Structures are given as structure tokens and as C-alpha cells.
Amino acid sequence: MQQLFSVLWYGILRLYAQPIEHESSRVVVDLTRVSLVDSVGVSALVTGMKRAREKAGDLRLVGMPPSVSIIFQLTRLDRAFETLPSVEAAVALRSPSAL
């Protein structure tokens, strides 16, 4: 079953992004089952990243399939987001502010 990161996902991300109110929050978004990200989905991720960074945290993307990766490359957002192969790798990585 293909998944579309869109309006539904925006609402879900907003719900789970509530903890970003705390300092140094790290959010990991697993995209392994997402086949397409539209402009609303990209906007949700950018908003989440900005909110996390405002609080000295970060939002990391994991498991990005090629069909999603191309959107990030075309919009040059691949330079803004940290992408990792797995949730475990993202959780294990220390936050930039902790270095």
C-alpha cells in the first residue's frame, strides 16, 4: 500500500510535534513507508524542523525512499535536513548542540 505524506500527515506531525516546546527536543520522522511527499507534507516537515531548531533541537528524516528523496533534491531541502538510514541511527546520533 502506498502512502502519501499530505494533509493527514500534516495533522499527525503537528500532534507529535507538540513536545518540540521543550528545549533540545529531537524528532525522528520515519519515511520508509512513504512513497510520495507533496507540498503540504514538505511544509509540515520544514515547520517541524524550524520549531525544533528554535528550541535547540532537531528533526531528522530516516528511511527516505528514492521517490521522496528526489523531491528533497529538487527543492534543495536535502541540504537542510539530516537524513539517516534508520531510526536507530538517528536516535544514536548526538544532537548538534551537544557536541
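Residues numbered from 1 in each chain as written. Predicted model: local features only at pLDDT ≥ 70, side-chain atom pairs only at ≥ 80, totals over all residues. Heavy atoms only, no water.

Asker: I keep staring at helix α3 (residues 66-74) and nothing clicks. Help me out?
Answerer: Residue pairs spaced three or four apart in an α-helix point in one direction, given the helix's 3.6 residues per turn. Val 68, Ser 69 and Phe 72 are the residues of α3 that are buried. The arc that holds the buried residues of α3, viewed along the axis, is 100°, so those residues lie on one side. Facing away from the buried side of α3 by over 90 degrees, the exposed positions are Pro 66 and Leu 74. Here the buried face of α3 lies against β3 (36-37), α2 (39-54) and β4 (58-62). Immediately downstream of α3, the backbone of Arg 76 shows phi near 65°, a positive value. (Buried < 20%, exposed > 50% of the residue type's maximum accessible area, 1.4 Å probe, protein only. Helix = DSSP H or I, 4+ residues; strand = E, 2+ residues; numbered from the N terminus. Arc of directions from axis to C-beta. Contact = heavy atoms within 4.5 Å.)

Asker: Before we go on, may I ask you to explain the side chain of Arg 60 in this structure?
Answerer: Mapped onto the elements of the fold, Arg 60 is located in strand β4. Given a relative accessible area of 2%, Arg 60 falls into the buried group. In this structure the side chain of Arg 60 is engaged in a polar contact, spanning 3.0 Å, whose partner is the backbone oxygen of Ala 90. (Polar contact = N/O pair within 3.5 Å; in protein donor to acceptor, adjacent residues only side chain to side chain.)

Asker: Just to check I follow, could you spell out α2 for this structure?
Answerer: Across its 16 residues, α2 extends 22 Å between first and last C-alpha, which sits within 8% of the 22 Å expected from 1.5 Å per residue. Taken as a whole, α2 has its buried residues at Gly 41, Val 42, Ala 44, Leu 45, Val 46, Gly 48, Met 49 and Ala 52. With a side-chain oxygen lying 3.2 Å from the backbone nitrogen of Val 40, the N-terminal cap of α2 falls on Asp 38. Ala 56 lies just past α2 and shows a positive phi near 65°. (Expected span 1.5 Å × (residues − 1).)

Asker: Hey, could you run me through the pattern of salt bridges in this one?
Answerer: Side chains that differ in sign of charge can pair as their charged atoms come close. A complete count under the given rule lists three salt bridges for this structure. Across the pair Arg 53 and Asp 58 runs a salt bridge whose closest N-O atoms are separated by 3.2 Å. The exposure class of Asp 58 is buried, given its relative accessible area of 4%. Within the structure, one salt-bridge network assembled from shared partners comprises Arg 53, Asp 58, Arg 60 and Glu 82. (Salt bridge = Lys/Arg side-chain N within 4 Å of Asp/Glu carboxyl O.)

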